[in-house]
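Listed here are the chains, written in short residue letters.
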Amino acid sequence: LEYHTVSVLRTKPGRGDRTLSLSCSDKILKWNQIGMQGSLLSIILSEPVTLSSIIIGSECFNLESCKRAFFTRYPDNNKHLEIHNYTQAEFVDQRHVDKVPCPDSSLFVAGSQSFREAYVAGLRQGWSKKKLDNPKSWSSVCQRKLAARTQDIMKM
């Protein structure tokens, strides 16, 4: 497989329709053009949220390849990223075939109305897949709740 061939369409095996499957660098380029805030937040914000810099840490780092991937391959691009702090040292906790990610996660929101939530395999802890139609089972940051909150804010 010629992964380093320039100007060819790359697809991910097993990812369905090739037009719906974006590589990591495609996503970074897209986010830096139209913003990474998502459709709900774009209603409220006057300017898109874009990256100003990116840190790459890998022994496979190539500055010219990164520039091409993140901005020069798009002809109308006027948003360039600073690419810095790259290193030849590998990260201790990088992905390994013998390590499996933990399905547990937690959310902590600080402030006057602070709260915590625990999740197992993406679901709120204590709730089964059978009861996902109950709004109490939804994460505070799930798309349904964020959409409802955005509608509340827009009504103000």
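Structure first, text after, so check above.
Remember, predicted model here, so these are calculated numbers, not experimental data.

Novice: Outline the overall build of the chain, supporting the account with residue identities and numerical values.
Specialist: Of regular secondary structure, the chain possesses 4 helices and 5 strands. Listed N to C, the secondary structure of the chain is α-α-β-α-β-β-β-β-α in terms of helices and strands. The proportion of buried residues among the 156 residues of the chain is 17%. For the chain, the share of sequence-separated contacts (at least 6 apart) that also reach a separation of at least 24 residues comes to 39%. Of the roughly 12700 Å² of accessible surface on the chain, a fraction of 55% belongs to carbon and sulfur atoms.

Novice: So what's going on with the sheet that holds strand 5 (residues 123-124)? Which residues, and what values?
Specialist: Taken in spatial order, the 3 strands of this open sheet run 3-4-5, and their pairing is antiparallel. Looking along the sheet, the strands with just one partner apiece sit at the ends: strand 3 (104-109) and strand 5.

Novice: Outline the packing of helix 1 (residues 24-34) against helix 3 (residues 63-72), supporting the account with residue identities and numerical values.
Specialist: It is the contact of helix 1 with helix 3, at a shortest axis distance of 8 Å, that shows an interaxial angle of 45°. Here helix 3 runs oblique to helix 1, going by the angle between their axes. Of helix 3, the residues touching helix 1 (which contributes Ser 25, Ile 28 and Leu 29) are Ala 69, Phe 70 and Phe 71. The residue makeup of the contact of helix 1 with helix 3, split by class, is 5 nonpolar, 1 polar and no charged.

Novice: An account of the nonpolar core is needed here, citing residue identities and associated values.
Specialist: In terms of nonpolar packing, the biggest core is built from 10 residues, these being Ile 28, Ile 54, Ile 56, Phe 61, Cys 66, Ala 69, Phe 70, Phe 71, Leu 81 and Ile 83. With near-sequence residues (within four places) excluded, Ala 69 lies in contact with Ser 25 and Leu 29.

Novice: Go over the pairing of strand 3, please, and point to the residues and values.
Specialist: Bridge analysis of strand 3 against strand 4 (residues 115-120) gives 6 bridges, and the strand direction is antiparallel. Residue pairing for strand 4: Ser 106 is matched across the bridge by Ala 118. The antiparallel hairpin formed by strand 3 and strand 4 contains 5 residues in its connecting segment, where Gly 111 sits at a positive phi of about 130°.

Novice: Kindly report on a nonpolar patch on the surface, identifying the contributing residues and their values.
Specialist: On the surface, a cluster of nonpolar side chains totalling about 750 Å² of accessible area is made up of Trp 31, Met 36, Leu 41, Ile 43, Ile 44, Leu 45, Val 49, Ile 153 and Met 154. Counting residues per element, the ones that place at least two in the nonpolar patch are helix 2 (38-44) and helix 4 (143-155). In terms of residue count, the dominant contributor to the nonpolar patch is helix 2 (3 residues). With respect to the helices, strands and loops of the structure, Leu 41 is situated in helix 2.

Novice: Give a description of the side chain of Gln 33 that names residues and reports values.
Specialist: Position of Gln 33 relative to the elements: it lies in helix 1. Residue Gln 33 is classed as buried on the basis of its relative accessible area of 18%. Sequence-distant contacts of Gln 33, defined by excluding residues within four places in its chain, comprise Tyr 74, Asp 76, Asn 77 and Lys 79.

Rules behind the numbers
- Residues numbered from 1 in each chain as written.
- Predicted model: local features only at pLDDT ≥ 70, side-chain atom pairs only at ≥ 80, totals over all residues.
- Heavy atoms only, no water.
- Helix = DSSP H or I, 4+ residues; strand = E, 2+ residues; numbered from the N terminus.
- Buried < 20%, exposed > 50% of the residue type's maximum accessible area, 1.4 Å probe, protein only.
- Contact = heavy atoms within 4.5 Å.
- Areas by Shrake-Rupley, 256 points an atom, 1.4 Å probe, with all protein chains shown as cover.
- Pairing = 2+ DSSP bridges.
- Axes fitted to C-alpha atoms, helices over the stretch in contact; angles between N-to-C directions.
- Parallel < 35°, antiparallel > 145°, perpendicular 65-115°, else oblique.
- Nonpolar A, V, L, I, M, F, W, Y, C, P; charged D, E, K, R; others polar.
- Core = buried A, V, L, I, M, F, W, Y, C linked by side-chain atoms within 4.5 Å.
- Patch = residues over 30% accessible without salt bridge, like charges linked within 9 Å, V, L, I, M, F, W, Y side chains within 5 Å.
- Salt bridge = Lys/Arg side-chain N within 4 Å of Asp/Glu carboxyl O.

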